[in-house]
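A closer look at the structure
Listed here are the chains, written in short residue letters.
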Amino acid sequence: MEHDSPLAHEILFEPTKYLPLFDEAAKLAQEIMYEQTKKIWENESYKEGLERPPPTIKEFVHVRIEIRGPMLDNPGKIPFFNKLSVYFMNLTVSYYAELCPSIGRVRVKHRGVLLTLKGTVIRSGSIKMIEGEREYECRKCKKRFKVHPELESRNSIPKPIFCPFQKPKFCESTSFQLLEGNKVCHDYQEIKIQESTQVLGVGAIPRSIPVILQDDLVDIVKAGDDVIVTGVLTAKWSPDLKDVRCDLEPVFVANYVRRINEIKLDIEIPDDVIQKFENFWSDFKDTPLKGRNAILRAICPQVYGLFTVKLAVTLTLIGGVQHVDGSGTKVRGESHLLLVGDPGTGKSQFLKFAAKLSKRSVITTGLGSTSAGLTVTAVKDGGEWMLEAGALVLADGGLCCIDEFDSMREHDRATIHEAMEQQTISIAKAGLVTTLSTKTIVFGATNPKGQYDPNQSLSVNTTLSGPLISRFDIVLVLLDTKNPEWDKVVSDHILDQAESEKNKCHEDLDKMWPLSTLRSYIHFVKGYFRPTLSKEAENVISRYYQLQRSIATENAARTTVRMLESLIRLAQAHARLMFRNEVTRLDAITAILCIESSMTTSAIVDSVGNALHSNFTHNPDQEYAKQEEQILKKLKIS
Ligand SMILES: Nc1ncnc2c1ncn2[C@@H]1O[C@H](COP(=O)(O)OP(=O)(O)OP(=O)(O)O)[C@@H](O)[C@H]1O
Ligand SMILES: [Zn+2]
C-alpha cells in the first residue's frame, strides 16, 4: 500500500497499537482456514486412501511490514521527490523519509513509530528462549487477561497490580491467580547492526544499534550480512553491573528483516554508459593496449607511473571466474594482492583508491579496527556471548584493504588462511557455532622488515608465512632504490610542473575515465563477461607453469598449483579489462608478466626491475609485440 494511505499512516505512527491487532486477525484467519482445510483433508484422504499429513497450524503468526522505496537508498537523507510535507502546527515535517533515518541519526523522537534501518550485522547473539505473555485470572470477576514481558526491564514479566477490566464497572480487584498451564515461550535472538561505512564521510564513526529478533525472524541473518530492518524503537536498562551506572539503551524490536547482500551489489548500469564503453573499444581496436593504458592511467591518478601496480590493482579488482574444478572443489574467482614496499611508495594511496572503486569495501589495518580483528571473534556483551564480525566478514562480496598487513594478531593469522582460500570462516566458541562467508578480495600492504634483502625470500622479508603468501595472486615489491631520473619525474609530477607534450594527448583520455565511470566499468565487466581460455592461452600458461616448476627457486612457496589458478584468474581478469569474453594469448602473457613482477627472481623476463619504477610506455602495442616474441621463444612456442 502507498505510504501516504490512511491505514499506512496509522501503522507507521502507531505500530504498537495496530500490529498486535494484525497478528490477532492473522491468527484468527489461520484458525478458520485450518478448520476448512482439515475438513477437506479428512474427506479427500479418506476417499483417496492417501496418507497425507494433516494440515498444521502455526503457534505464532505475525504480520510482517516490508518498507520499500527510494528513501531506503539514502537513509537519513530526505530526497526531494520523496519529501512528503504535511503542515502540522505550522511546522513542515518531512514525515516519511524521517522513518528511514541512518542509524547514527536515531533519536528519542523516533520512539514508538515504525522505523526502517539499513546496516550491516556486526554481532549476532546466541538463540535463546524467553517467556512470553503470562495469563492471569482475576479472583473477583473471574475474567482472564495476559501480561506481556517488558523489554525495558530485560524481558521480566511484572505482576499485575489491578484488574484491567473496567466494564460494566471498575472491578478494582488486586488479587489474581496465575494460570500455570498456559506458559508461552518465544525464540529470541539479539544482533547488532552498524551503519555502512560507505554511507559515512571519511573518518566518521559508524554507529550501531542492538536489534531484537523473535519467533520466525530468529537466525535468518548472520554476522556480515547487509540488512534492512523494519521495527519499533524502544529502550532497555543496561545490565546492573557493580559500580556501573544503569542507563537506558536504545534497542530496536524487529518486525521484519530483509537481507540485501545480493541486491546491494547488483547495480544497474545504464545502456548509454555501456554504449560509451563499446565506442571506446571500437576506437582502439587497432591499438588495444593503448586503450587499456588509458583506463590504467585513471587508477590512482595522483600517483605517477607505477604501471605494474596499477595493472595489478585493476586485475585484482576485476578478478577471475569462480568455478568448480574436476574434484568438485570450488576455486575462488577473487584475486588477492599484496604490496610490500618501503615507506612513502604510495601503498596507502592505492588502498584508499581501490576502496573507492568497490561497491562494498572495508579499510582496516592488520590489527583490525574492532575487537574482532580481521576475521571473527566471540565477545561478551551485556553478560552474554555474541559473535562479532571482523573486517573480512564485513567486506564479504567486496574488497578488504588491510594496511600494515604483517601486524595481524596470531588469532587472525590462523583463520585468515581459510578466509582467503575457502572464503569461509568457521567458528565454534562459547556455544556459538557457525560458518561465515568471506567472499572478499584481500588487498594488503606492508613494509619489509628492515631493509629489503632481494637475496632473501618474501617470507623472510615480510615475516609472513609461505602458505599465507601463496594465497596472494600477485605480490609486488616496491623498493625505494635511488634512481635520479625517476625521482625527477615524480617530483615534477607532484609539484604539478607543466606536463610534457607527449602526455598532453592522454589528458582527454583521462577525462573519459573519472572515478564513477571507472567504477561502473569494473562492475560491468565483472558481471557481464565470463571469459574462457583459448587453446593458445592454455598452451602458454601450461608451458610457463611447467617451466616455473622445473626451476627450483627459493620462492618454491609461490610455484604451487595456486600459481596456476592465479595465472588463470589474472588472464581472465585481463580479458574482462579488455572487454572480451575470450582469454587470448595476450591476456595469458600479461598474466605471466604480472606473476614475473611478483617474483623476486623472474623465470623468463630478463629484467623485471622494480615495480616502483615501472612506467607507461608511449607505444604499448609495439612494446608488447617485442615482449611476446621474447617470451614465446623462452617457452619454446613457435
Ligand atoms: N609515484 C608517486 N607519484 C606521486 N606521488 C607519490 C608517488 N609515490 C608516493 N607518492 C606520495 O607519497 C606520499 C606517501 O604515500 P603513501 O602514504 O601511500 O606511502 P606508503 O607506502 O603508504 O607509506 P607507509 O608505508 O609509510 O604507509 C603520498 O602523498 C603519495 O601521493
Ligand atoms: Zn476483575
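First things first, this report covers the structure right here in the doc.

Procedures and definitions
- Throughout, a residue's number is its position along its own chain's written sequence, starting from 1.
- Throughout, the order in which chains and ligands are written sets their labels, letters from A for the former and numbers from 1 for the latter.
- Confidence filtering applies because this is a predicted model: local features only for residues at pLDDT of at least 70, side-chain atom pairs given and counted only at 80 or more, and all residues used for totals across whole chains, interfaces and linings.
- To get the side-chain values, take all heavy atoms of the structure and skip hydrogens and water.
- Ring pairs are drawn from Phe, Tyr and Trp, using the six-membered ring of Trp, whenever the two centres fall within 6.5 Å, and their geometry is named by plane angle: stacked under 30 degrees, edge-to-face over 60, tilted for the rest.
- Helix numbering and strand numbering both begin at the N terminus, where a helix is a DSSP run of H or I of at least 4 residues and a strand a DSSP run of E of at least 2.
- Only protein chains enter the accessibility calculation, which uses a 1.4 Å probe. A residue is then buried if its area is under 20% of the maximum for its type, exposed if over 50%, and partly exposed in between.
- DSSP bridges decide pairing: two strands pair if at least two such bridges lie between them.
- Each axis is a line fitted through C-alpha atoms, and for a helix only the stretch in contact is used; angles between axes span 0 to 180 degrees, taken between their N-to-C directions.
- Metal sites are built from N, O and S donor atoms within 2.8 Å, or 3.2 Å for Na, K and Ca, and they leave out water, so they may look incomplete.
- Geometry is assigned from the angles between donors: four donors with all angles from 85 to 135 degrees make a tetrahedral site, four or six donors whose opposite pairs exceed 155 degrees while the rest stay between 65 and 115 make square planar or octahedral sites respectively, and everything else is labelled irregular.
- Think of the arc as the fan of directions from the helix axis to the C-beta atoms.
- Small angles under 35 degrees read as roughly parallel and large ones over 145 as roughly antiparallel, with 65 to 115 read as roughly perpendicular and the rest as oblique.
- Handedness of each helix crossing follows the sense of rotation of the near helix against the far helix: counterclockwise by less than a right angle gives left-handed, clockwise gives right-handed.
- Contacts were defined at the residue level, with two residues in contact if any of their heavy atoms lie within 4.5 Å.
- Nonpolar residues are Ala, Val, Leu, Ile, Met, Phe, Trp, Tyr, Cys and Pro. Charged residues are Asp, Glu, Lys and Arg, and all others, Gly as well, are polar.
- Whenever a carboxyl oxygen of Asp or Glu lies within 4 Å of a side-chain nitrogen of Lys or Arg, that contact is scored as a salt bridge.
- Residues are classed as near a molecule or strand on a simple rule: at least one heavy atom within 4 Å of it.
- Polar contacts, as counted here, are pairs of nitrogen or oxygen atoms within 3.5 Å of one another; within protein the pair requires one atom able to donate a hydrogen and one able to accept it, and residues that are adjacent in sequence qualify only if both atoms are side-chain atoms.
- Accessible surface area values rest on a Shrake-Rupley calculation with a 1.4 Å probe, where residue burial reflects the displayed protein chains alone.

Let us look at the packing of aromatic side chains. Overall, the coordinates contain 19 aromatic pairs when judged by the stated rule. On the basis of an interplanar angle of 75° and a centroid distance of 5.2 Å, the ring pair of F307 and F616 is categorised as edge-to-face. Of the two residues, F307 is situated in helix α7 (residues 307-318) and F616 in the loop between α18 (585-598) and α19 (620-634); the sequence distance between them amounts to 309 residues. The class of F616 is buried, set by a relative accessible area of 13%.

To continue, consider the sheet that holds strand β6 (residues 144-147). Pairing within the open sheet is antiparallel, and its three strands lie in the order β6-β5-β7. Bordering the open sheet on either side are β6 and β7 (176-178), each of which pairs with just one other strand. On average, adjacent strands in this sheet sit at an angle of 35° to one another, irrespective of strand direction. Bridge analysis of strand β5 (residues 134-138) against β7 gives three bridges, and the strand direction is antiparallel. In the sheet register, E137 faces β7, and the bridge partner there is Q177.

On the protein side, the zinc ion (ligand 2) has C138 (SG), C141 (SG), C163 (SG) and C171 (SG) as donor atoms, found 2.2 to 2.4 Å from it. Considering all four donor atoms around the zinc ion (ligand 2), the spread of angles at the metal, 100 to 119°, places the coordination shape in the tetrahedral class. All donors of the zinc ion (ligand 2) come from a single chain, and their spacing in sequence reads C-x2-C-x21-C-x7-C. Of this pair, C141 sits in the loop between β5 and β6 while C171 sits in the loop between β6 and β7; the two residues are 30 residues apart in sequence, bridging distant segments of the chain. Judged by relative accessible area, which is 28%, C141 ranks as partly exposed.

Moving on: the environment of G383. Along the chain, G383 falls in the loop between β16 (376-381) and β17 (384-389). Taking C-alpha positions, G383 is 9.3 Å from L241, a pair spaced 142 residues apart along the chain.

Among the residues of helix α1 (residues 6-13), A8, I11 and L12 are the ones counted as buried. Relative to the axis of α1, the buried residues are bounded by an arc of 100° and lie together on one face.

On to the packing of helix α16 (residues 535-550) against helix α17 (residues 561-577). Put simply, α16 and α17 touch, their axes get as near as 10 Å, and they point 150° apart. The angle between α16 and α17 places the two elements in the roughly antiparallel class. Between α16 and α17 lies a crossing of right-handed hand. Every residue of α17 that contacts α16 at I541, Y544, Y545 and Q548 is listed here: V561, M563, L564, L567, I568 and A571. Taken together, the residues of the contact of α16 with α17 break down into nine nonpolar, one polar and no charged.

As enumerated under the stated definition, the model contains 20 salt bridges in all. Here E334 ties to K439 by a salt bridge, and the two come within 3.1 Å at their closest N and O atoms. A residue pair is termed long-range when its members are at least 10 positions apart, and E334 in the loop between β13 (330-331) and β14 (337-341) and K439 in the loop between β20 (432-437) and β21 (441-446) qualify at 105 residues. Between D473 and R569 there is a salt bridge, with the nearest N and O atoms lying 2.7 Å from each other. Residue D473 is found in the loop between α12 (466-469) and β22 (474-478), and its partner R569 is found in helix α17; the two are separated by 96 residues along the sequence. Considered together, D473 and R569 belong to a single accessibility category, that of buried residues. Linked by salt bridges that have partners in common, R332, E421, D473, R562 and R569 make up one network.

In this section: the site of ligand 1. As a matter of local geometry, ligand 1 sits amid 15 residues, with Y304, G344, K347, S348 and N447 nearest to it. A distance of 2.8 Å separates a nitrogen atom of ligand 1 from a polar atom in the backbone of Y304. Burial of ligand 1 by the surrounding chains reaches 71%, relative to a free accessible area of 630 Å². Elements supplying a minimum of two residues to the shell around ligand 1: α8 (347-357) and α13 (484-494). Top element by residues in the shell around ligand 1 is α8. It accounts for three residues.

So, about unusual backbone geometry. A positive phi angle, close to 60°, is found at Q423, a residue other than glycine. Tracing the sequence through the fold places Q423 in the loop between α10 (410-421) and β19 (424-429). Classification of Q423 by relative accessible area gives buried; the value is 2%. Phi is positive for F579, which is not a glycine, with a value near 65°. With respect to the helices and strands, the residue F579 is situated in the loop between α17 and β24 (582-583).

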